[in-house]
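For reference, the chains in residue letters:
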Amino acid sequence: MIYFQLLFIGFIVATVLILAIMSITSLLERRRNAATKALLLIPVISSFLLLLYLPPNFYWLIASIDIVFLLAGSYLFIPRIFFRKLKEEKAKGNIDERTIMFSRCELKPGSERFEKYYKEFPQHKDSDEQFRKLPGLLHKKSTFYKPLPYNASDAIFKIVDSLHQNVEGKVENPPLEASPGQFSRFVKKWVKKAGATSVGITETKDYHWYSIGGRGDRYGKTIQPCHKYAIVFTVEMDHEMVMPAPKSSIIMESASQYLNSGIIATQIAQFIINCGYEARAHIDGNYQVVAPLVARDANLGEIGRMGLLMTPELGPRNRIGVITTNMPLPAAERRYDDSVEDFCSKCLKCAVNCPASAISKEDKSLINGVNRWQINSDSCFSYWRSAGTDCGRCMSTCPYSHPSNLMHNVVRWSIRNFPNFRYWAVKMDDFFYGRKSIPSKLPDWMQNN
């Protein structure tokens, strides 16, 4: 019986330690509700040690609890190799950039481009007329207007726009002699040193490229896939700035990371041009590729229910930069990770918390020949224009978005490797953080601005 008692003590002590770590972690993250719940559970769980003082004829109770713990652990932590892997749905076709909400927003009523577009796509006219009545991003009459963060965001976006003239250039030097491996190592180290969280290389696919340009002087021009390789990277969006979403901090953080990724991407593109190879940076407002699809195929993450790239390190809390090039590079082979989509099928937290109800709560459906989720972009963008920010509520409530620390990294690792753990990870996240949560307060320095 002594072995059952020791095992029982081990389970209780381990649980209390986990709760203690969680309470400390939550306090550091300013998640007081989660910290309080973890702290309150510590004496409750510790009280089970009183069972050790029961008379010997009650020791069967301790043995029973041990058996339940062992069975539950055996069930939750069955490795993924014993489960059938989900089938990856391959993307098909190209997206006409003119049809995306950002491009349609730039159409000027009464202009020739405006009239021509709605003659070709009349199904968009009614919904677009509705969103044009709303205040708009960074507008003074929007819901979350705050003068300093809004003006700061506008300033940052203007700097991002100024980078557009540097996304590509003319090759004037002969190709530098170096191996693909040397180029790859140098670029990857440089990108990480510049502040990226992850970086990868893939061969470009037809479906990576927009079919027709939709913004600026690219509008209406056919986009020809011209580069064989893509270097793609992610940069982190600060957790403290994301958590108050859809308040003003989210758009300021988005702008900041679009700028950071744009600076990195344009530097790398110019470096490659200096080395005698064609290159183009793809940055906010000036993409020729669909960045999340490129990042997915470079194994930086998977596409989640909300339509964003979900990385192992940060979930959707990232921004993406891409450089396409004909520089010879060692491209990664695609390694599909089905754990993200499986978790998203069980979680639905982004859909539950979406203020625009733009994220589907249903299973995947067949869209353009591919079984996938698709957000209602009209509803999403209309909310943006009303809020004055790029919302980010889905990003802030996603369980994958928790900060990178011991507690959350262990949970993310377990979600990836143990399919049965995923459902209970959702339930634990709901218990500690709430199924439908309230946005955090703005950082102190933004409160009164």
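Everything below is about the structure shown above.
Let me begin by describing the structure that accompanies this report.

Count 3.6 residues to each turn of an α-helix, and residues three or four apart come out pointing the same way. For helix 1 (residues 2–28), with 27 residues, the first-to-last C-alpha span of 39 Å sits near the 39 Å given by 1.5 Å per residue. Inspection of helix 1 places Gln5, Phe8, Phe11, Ile12, Val16, Leu19, Met22, Ser23, Thr25 and Ser26 among the buried residues, and these make up the whole buried set. Tucked into the core, helix 1 has its buried residues touching helix 2 (32–46), helix 3 (59–76), helix 16 (406–417) and helix 17 (419–433). One or two steps after helix 1, the chain reaches arginine 30, where phi turns positive at roughly 65°.

Attention now goes to unusual backbone geometry. Here the residue pair alanine 245 and proline 246 is connected by a cis peptide bond, since its omega of 15° sits within 30 degrees of zero. With respect to the helices and strands, proline 246 occurs in the loop between helix 9 (239–242) and helix 10 (248–274).

On to the nonpolar core, then. Of all hydrophobic cores here, the largest spans 59 residues; its most connected members are Ile231, Phe233, Ile272 and Ile323. Of all the elements in the fold, those that place two or more residues in this core are helix 7 (147–162), helix 8 (180–193), strand 1 (198–203), strand 2 (229–236), helix 10, strand 3 (279–282), helix 11 (291–297) and strand 6 (318–325). Considering each element in turn, this core owes the most residues, 12 residues, to helix 10. If near-sequence neighbours (up to four positions away) are discounted, isoleucine 272 is found in contact with Ile231, Tyr277, Glu278, Ala279, Ile323, Thr325 and Met327. Among the nonpolar cores identified, the runner-up in size contains 21 residues, and Val340, Ala351, Ala356 and Ala358 belong to it.

Turning to the environment of proline 328, a few remarks are in order. Among the secondary structure elements, proline 328 is positioned in the loop between strand 6 and helix 12 (339–347). When its relative accessible area of 26% is taken as the criterion, proline 328 is described as partly exposed. For the pair proline 328 and glycine 181, spaced 147 residues apart in sequence, the C-alpha to C-alpha distance is 8.9 Å. Not counting the four nearest positions on each side in its chain, proline 328 is found in contact with Pro180, Phe183, Tyr229 and Tyr277.

About the cut-offs
- In this convention, every chain numbers its residues from 1, walking through the sequence in written order.
- At least 70 in pLDDT is required for a residue's local features to be given in this predicted model, at least 80 for side-chain atom pairs to be given and counted, and no such filter applies to totals for whole chains, interfaces and linings, which use all residues.
- Side-chain measures here rest on the full set of heavy atoms in the structure, leaving out hydrogens and waters.
- Helix numbering and strand numbering both begin at the N terminus, where a helix is a DSSP run of H or I of at least 4 residues and a strand a DSSP run of E of at least 2.
- Helix span is expected to be 1.5 Å times the residue number reduced by one.
- Only protein chains enter the accessibility calculation, which uses a 1.4 Å probe. A residue is then buried if its area is under 20% of the maximum for its type, exposed if over 50%, and partly exposed in between.
- Any two residues whose heavy atoms approach within 4.5 Å are treated as being in contact.
- To define a nonpolar core, start from buried Ala, Val, Leu, Ile, Met, Phe, Trp, Tyr and Cys residues and group those joined through side-chain atoms within 4.5 Å.

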